[in-house]
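Topology and contacts: notes
Next come the chains, spelled out residue by residue.
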Amino acid sequence: MKLTDEQKEEFRTQGFLIARGALTDADLQPIIDELSTWIDARARDLHAEGKIEDLHEHEPFTKRYGLLFGQCNEVGSGLDIMHYRGRAMFEFLHNENLLELLESLLGPELTCNPIQHLRAKPPLSQEGNAGPSFHNAPWHQDAGVMMEEAEGSDVVTCWLPVGRATQEMGCMEVIPGLVETGYLRHLREGGTTIDPELIPSVEPVVAECEKGDLVLMSRFTPHRSTPNYSDECRWSLDLRYQPTGQHTGRTGHPDFVVRSQSNPASEMRDYDEWCRLWVDAFNNPKGHVGHRSQ
Ligand SMILES: O=C(O)CCC(=O)C(=O)O
């Protein structure tokens, strides 16, 4: 799905856009299947170690993770894109529907920025020892989690729920219309957050999403997420893409070309190579990995 001129204008002036129905069930199901398999294996290991009593094996994807997390939060260890490194996830980073939208905003030379996460936010009642702040992002701009050198890079954040994400479930909240503001000073205290004195007094938009919707945000758009008061897990991906050749803001982690009109051979389609790059980044750290906050 390409964005319409109106949608592009909305993104340009508001700094964010909810693209409704951008993804199909068929786009998301391979990830759900992969995660379900991963969680099942992790749960069985923890069960064998006596850390989990009830495997809840007949619960749906939307509920099982929280029920396991409530018993032992180790079920979530390693559950992020670069750590679990699933093949379906790697394929999804090239998803055609996703890249069509991004091409509308960024042009035909697209790089997958390495700042990307899978987030499983269990119901508040199943947070266990993790505590609510672990799963909730305070007000920040994504320019605040990148190196200063990337301030001029056109990095677009693509936040998408793997199921539904309502306000009750702790969906994204976005402060619209701040495209010209640039970077606002962030503080480390409280987990990389805009200096409270600088938070604009603009009414936030609650970006509720159905499955298949996604939220596109500029690097300067303040956003946050709140606790999950529902009884379902809020599953989401936050991915970032940018025009190829611009600074990624995280030189210690691997970026790669996902789409190139001028040089299709430069697109990285090799799953094993992607895994190798991440393992190498962890085992032989080089470059910079850190937030810009002070
Ligand atoms: O998914 C969330 O709860 C927070 C995501 C976020 O803040 C981000 O993608 O920058």
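Our subject in this report is the structure included herewith. Just so you know, these numbers come straight off a predicted model, no measurement behind them.

Reading the values: the criteria
Residues numbered from 1 in each chain as written. Predicted model: local features only at pLDDT ≥ 70, side-chain atom pairs only at ≥ 80, totals over all residues. Heavy atoms only, no water. Near = heavy atom within 4 Å. Polar contact = N/O pair within 3.5 Å; in protein donor to acceptor, adjacent residues only side chain to side chain. Areas by Shrake-Rupley, 256 points an atom, 1.4 Å probe, with all protein chains shown as cover. Helix = DSSP H or I, 4+ residues; strand = E, 2+ residues; numbered from the N terminus. Phe/Tyr/Trp six-rings, centres within 6.5 Å; stacked < 30°, edge-to-face > 60°. Buried < 20%, exposed > 50% of the residue type's maximum accessible area, 1.4 Å probe, protein only.

Let us look at the site of the ligand. In the vicinity of the ligand, the residues found are R119, A137, H140, D142, W159, M172, H223, S225, R234, S236, D238 and R240. One of the side-chain nitrogen or oxygen atoms of H140 is found 3.1 Å away from an oxygen atom of the ligand. Within the contact set of the ligand, an oxygen atom lies 2.9 Å away from a side-chain nitrogen or oxygen of R240. Isolated, the ligand exposes 290 Å² of accessible area, and the fraction of that covered by the protein chains is 98%. Per-element accounting of the shell around the ligand gives the leading share, four residues, to strand β10 (residues 234-243).

We now examine the packing of aromatic side chains. Scanning the entire structure with this criterion turns up nine aromatic pairs. Ring centres of F61 and W235 lie 4.7 Å apart, and the angle between their planes is 15 degrees; on these two criteria the pair is classed as stacked. Here F61, found in helix α3 (residues 61-69), pairs with W235, found in strand β10; they are 174 residues apart in sequence, far enough to count as distant. Assessed through its relative accessible area of 2%, W235 is described here as buried. Three or more aromatic residues joined by ring pairs form one cluster here, namely F61, Y65, F69 and W235.

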